[in-house]
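Listed below, chain by chain, are the residues.
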Amino acid sequence: MKEKQQNNGAGYETCPPGIAQGITIGKKAVSNRLFLAPMAGLGHVAFRELVAEFGGYGLLFTGMCSAKALPHENPATSPVFKWRKQELATLVCQIFGPDPQSMAAAAQRIEAEGFFGVDLNFGCSVAAICKRGCGAEILKTPDLAVEILARVRASVSIPVFVKFRTGWINDPRPAIDLAKRFEDNGADALVFHPRVAPDRRSRPPRWEQISLIKEAVTIPVFGNGNVFDANDLSTVVKQTGCDGIAIGRMAVSRPWIFAQWTKGFTPTIGTYHHTAIRMTELLAKHHGERFAVKLYKKFIPYFSASFRFGHSICKELLKADTMDELRDNINGVFERDPEIIARPNLNLFL
Ligand SMILES: Cc1cc2nc3c(=O)[nH]c(=O)nc-3n(C[C@H](O)[C@H](O)[C@H](O)COP(=O)(O)O)c2cc1C
């Protein structure tokens, strides 16, 4: 594929060869290899609709949903297990849970609802999740991780993804062994975050470990972690040979990033203003006013990170109790024509 390049005014943008090309996962075709990573509290239905309005992604992932709760969840009232029909064909639902039975039952519901696929969360290192024997905690008992995957695999025919990380010690070998066992037990694709669990996001990811996972298996491997500009994207793809990338915080900061990197979309300051306002509308549409304000406040720090003096913009935007106040604050900020920085400092928001 010809290397695609453009200048967006804030830096030279390059989409590495291959990223904008399609890929097959399981038996399903995906239009490109840039995915929205799962993010609890940020990757909700409203945010995904915003991303979808710009387009340019291959797949979107939901934030993690509890496997135990999922079979009984009502999408009309659930804050997390909620979607638009139009997005199902490119939407993967992520689940966390401590045992094979509940994960398999959740996966069956996900298949019945028509999602593209299901993703097993073996990477979350948040204490509340690990204490329940879920997320990265499962990496401490590799046999259980494999058993969960095998049971899910046997229960559904949609693509099964596994998102995992290096583990609990700074040695990639256990993750490499697990990657092979995931492939042998029917995983269709892996999303790998090369950090040990206690690090959370405080230290840079070890991108070189993504290549070790890629070399160990034949199924597609998607890298993840600290891809904050087009140079990062090129570097990690070239350095690791991975099949694609899952973008987390950068997509919250700039929901058009997929369109920018795969379709040549060029944002202007108007794009930032529009996005901030549109997020209020979409949250209000999908969630009640109070919850919408709460969710908007989670979005603000990442969005503000794109501006010079983002900290004070963030503080200013957060001073609101209603959607109207949020909109007034947004309009106030954009009246001053804030300066955009090429690379947002997302490491401030762990
Ligand atoms: C607020 C927040 C919530 C997250 N929730 C999840 C989650 O539900 N499931 C998951 O696998 N990873 C979750 N992650 C981790 C991201 O998927 C991703 O691995 C991480 O942010 C690193 O990628 P990035 O540097 O592109 O942001 C979350 C990250 C953030 C910042």
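Predicted model, so just to flag it, every value in this text is computed and none were measured. (Residues numbered from 1 in each chain as written. Predicted model: local features only at pLDDT ≥ 70, side-chain atom pairs only at ≥ 80, totals over all residues.)

Right, let's get into the overall build of the protein chain. In terms of regular secondary structure, the protein chain is built from 13 helices and 13 strands. Relative to a compact globule of 350 residues, whose C-alpha radius of gyration would be 20 Å, the protein chain shows 19 Å and is just as compact. Overall, the C-alpha framework of the protein chain stretches about 55 × 45 × 35 Å when taken along its three principal axes. The buried share of the protein chain, taken over its 350 residues, is 49%. (Helix = DSSP H or I, 4+ residues; strand = E, 2+ residues; numbered from the N terminus. Rg over C-alpha atoms; globule rule 2.2 N^0.38 Å. Buried ≥ 20, exposed ≤ 12 C-beta atoms within 10 Å, placed from the backbone.)

Attention shifts here to the UniProt feature "binding site: FMN" (unreviewed entry) in the protein chain. Using the residue numbers shown here, the UniProt feature "binding site: FMN" (unreviewed entry) corresponds to Pro38, Met39, Ala40, Gln94, Lys163, His193, Gly248 and Arg249. Along the chain, His193 falls in strand E11 (residues 189–196). Among residues more than four places away in sequence, those in contact with His193 are Gly123, Arg165, Pro205, Asn224 and Gly225. Along the chain, the position of Arg249 falls in helix H8 (residues 249–253). (UniProt positions renumbered as here; feature names shortened; annotations may be inferred. Contact = placed C-beta atoms within 7 Å.)

What follows covers the pairing of E11. With respect to burial, E11 is a largely interior element, eight of its eight residues being buried. A two-sided burial pattern is seen for E11, the buried positions comprising Ala189, Val191, His193 and Arg195 on one face and Leu190, Phe192, Pro194 and Val196 on the other. In this fold, the crossover linking strand E10 (residues 160–167) to E11 by way of helix H5 (residues 173–184) has right-handed handedness. Bridge analysis of E11 against strand E12 (residues 221–224) gives three bridges, and the strand direction is parallel. Among the inter-strand pairings, Leu190 is bridged to a residue of E12, identified as Val221. (Right-handed = clockwise from strand over helix to strand, strands pointing away. Pairing = 2+ DSSP bridges.)

Here the focus is the site of the ligand. Ala37, Ala40, Met64, Gly248 and Arg249 are the nearest of the 23 residues found near the ligand. In terms of residue class, the shell around the ligand is made up of ten nonpolar, ten polar and three charged. (Near = placed C-beta within 6 Å. Nonpolar A, V, L, I, M, F, W, Y, C, P; charged D, E, K, R; others polar.)

On domain assignment, one finds that the protein chain holds domain 1 (18–263) and domain 2 (269–343). One C-alpha centre belongs to domain 1, the other to domain 2, and the line joining them spans 27 Å. Counting residues at the interface gives 17 residues for domain 1, matched by 19 residues for domain 2. Elements with a contribution of two residues or more to the side of domain 1 that touches domain 2: helix H1 (45–54) and H8. At four residues, H1 tops the list of elements feeding residues into the side of domain 1 that touches domain 2. Looking at side-chain class alone, the side of domain 1 that touches domain 2 contains nine nonpolar, three polar and five charged residues. (Domains from an automatic or database assignment.)

So, on to helix H6 (residues 208–216). All of the buried residues along H6 are Gln209, Ile210, Ile213 and Lys214. The buried residues of H6 occupy an angular sector of 150° when projected down its axis, which confines them to one face. Every exposed residue of H6 that faces more than 90 degrees away from the buried side is listed here: Glu208 and Glu215. Turning to H6, the residues buried within the fold contact E10, H5, E11, E12 and helix H7 (230–240). (Arc of directions from axis to C-beta.)

Residues Gly244 and Ala246 line one face of strand E13 (residues 244–247) and the alternating positions Ile245 and Ile247 line the opposite face, and both faces are buried. As paired strands, strand E5 (residues 34–36) and E13 are joined by three bridges and run parallel to one another. Paired with Leu36 across the bridge in E13 is Ile247. Strand direction decides the pairing type here: E12 and E13, joined by three bridges, are parallel. Residue Asn224 lies in a different strand from E13, and its bridge partner there is Ala246. At this point the chain moves from E12, through H7, to the parallel E13, and the crossover so formed is right-handed.

The axes of two packed helices give the description: the angle between them and the distance between them. Taken N-terminus to C-terminus, the directions of helix H2 (residues 100–113) and helix H4 (residues 142–155) make an angle of 35°; their axes are 8 Å apart at the nearest point. Classified by chirality, the crossing of H4 by H2 is right-handed. Where H2 approaches H4, its residues Pro100, Met103, Ala104, Ala107 and Gln108 are matched on the opposing element by Glu147, Ile148, Arg151, Val152 and Ser155. For the contact of H2 with H4, the residue count by class is six nonpolar, two polar and two charged. (Axes fitted to C-alpha atoms, helices over the stretch in contact; angles between N-to-C directions. Left-handed = near helix turned anticlockwise from the far one by under 90°.)

Contact pair helix H10 (residues 269–286) / helix H11 (residues 289–304): the axes reach a minimum separation of 9 Å and the direction vectors enclose 150°. One element, H10, and the other, H11, form an angle in the roughly antiparallel class. In this structure, the crossing between H10 and H11 has a hand that is right-handed. Packed against H10, whose contacting residues are Ala276, Met279, Thr280, Leu283 and Ala284, the element H11 presents Glu289, Ala292, Leu295, Tyr296, Phe299 and Phe303 at the interface. Partitioning the contact of H10 with H11 into residue classes produces nine nonpolar, one polar and one charged. (Parallel < 35°, antiparallel > 145°, perpendicular 65-115°, else oblique.)

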